[in-house]
Structures are given as C-alpha cells and as structure tokens.
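Below, each chain spelled out in residue letters.
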Amino acid sequence: MPKNAPYTMWLKKGTYYWCSCGKSEIEPFCDSSHGGTGKKPFEFVINMSEEVSLCGCGKTGRPPYCDGSHDRRPQ
Ligand code: FES
C-alpha cells in the first residue's frame, strides 16, 4: 500500500470506492487499476459531509477506515 498512515480528509455526501489493491494513482480511492490483482474496491457511503481517516496501509480491520493497524508491529 502507498502510505503507512491514514488519509484524513473531508468528504461530501456520496458513494466512494476505497482502493484495496495499492495500485491506484488516486489513493485512497480506486481508479480501476486493480485488474489482475484479485482485489476489488470497497464501496462506502457518506451520508453527510464529514471528516474521515481512510486507511492508507491496507491492514485495517474495518475498511475503509483507519483502525491504527499501521502502527502495530507484526506479532
Ligand atoms: S485500483 Fe485498487 S482496488 Fe481499484
């Protein structure tokens, strides 16, 4: 994945597609570069404008949101 930290940003109401493959040029969003990876984008809906922290490392347990996994060492 492209970043070992979350992408924090404001999003307007709408439907978004979080990249789960790490190949997108517009991270953290899918740009359809996932072909052949076996991965698919994660669709999520924002119901009202809000600030979000989207996962940038791909290890989150609650996609598309950061859960702090980027800071945890492998056990
Ligand atoms: S480009 Fe990564 S999931 Fe689509």
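Calculation notes
- Residues numbered from 1 in each chain as written.
- Predicted model: local features only at pLDDT ≥ 70, side-chain atom pairs only at ≥ 80, totals over all residues.
- Heavy atoms only, no water.
- Helix = DSSP H or I, 4+ residues; strand = E, 2+ residues; numbered from the N terminus.
- Rg over C-alpha atoms; globule rule 2.2 N^0.38 Å.
- Buried < 20%, exposed > 50% of the residue type's maximum accessible area, 1.4 Å probe, protein only.
- Contact = heavy atoms within 4.5 Å.
- Areas by Shrake-Rupley, 256 points an atom, 1.4 Å probe, with all protein chains shown as cover.
- Lys, Arg positive; Asp, Glu negative; His and termini not counted.
- Charge placed at Lys NZ, Arg CZ, Asp CG, Glu CD.
- Polar contact = N/O pair within 3.5 Å; in protein donor to acceptor, adjacent residues only side chain to side chain.
- Phe/Tyr/Trp six-rings, centres within 6.5 Å; stacked < 30°, edge-to-face > 60°.
- Lys NZ or Arg CZ within 6 Å of the ring centre and 35° of its normal.

## What to know about the overall build of the protein
A tally of helices and strands in the protein yields zero helices and four strands. Across the protein, helices and strands are ordered from the amino to the carboxyl terminus as β-β-β-β. Radius of gyration (C-alpha) of the protein: 12 Å, near the 11 Å computed for a compact globule of 75 residues. Principal axes of the C-alpha set define a box for the protein whose edges measure 40 × 30 × 20 Å. Here the protein, with 75 residues, has 31% of them falling under the buried criterion. Considering only contacts within the protein whose residues lie at least 6 apart along the sequence, 53% involve residues at least 24 apart. Only carbon and sulfur atoms are counted for the fraction: they give 48% of the accessible area of the protein, which is about 5000 Å². The centroid of the 10 positive side-chain charges in the protein is displaced by 4 Å from the centroid of its 8 negative side-chain charges.

## Re the side chain of S20
Checked against the element boundaries, S20 lands in the loop between β2 (14-18) and β3 (42-46). At 2.6 Å, the side chain of S20 and the backbone oxygen of K40 are in polar contact.

## Some words on the packing of aromatic side chains
Where two aromatic rings form a pair, the distance of their centres and the angle of their planes describe that pair. Here the structure, examined in full by the defined rule, presents three aromatic pairs. Ring geometry for F44 against Y65: centres 6.1 Å apart, planes inclined by 70°, an arrangement best described as edge-to-face. Placement of F44 in strand β3 and of Y65 in the segment after β4 (50-54) is noted, with a sequence separation of 21 residues between them. A relative accessible area of 5% means that F44 is categorised as buried. Of the aromatic side chains, those joined through ring pairs into one cluster are Y16, F29, F44 and Y65. Taking NZ or CZ as reference, K3 lies 4.2 Å from the ring centre of Y7, over its face.

Purely spatial values, then, with no claim about function.
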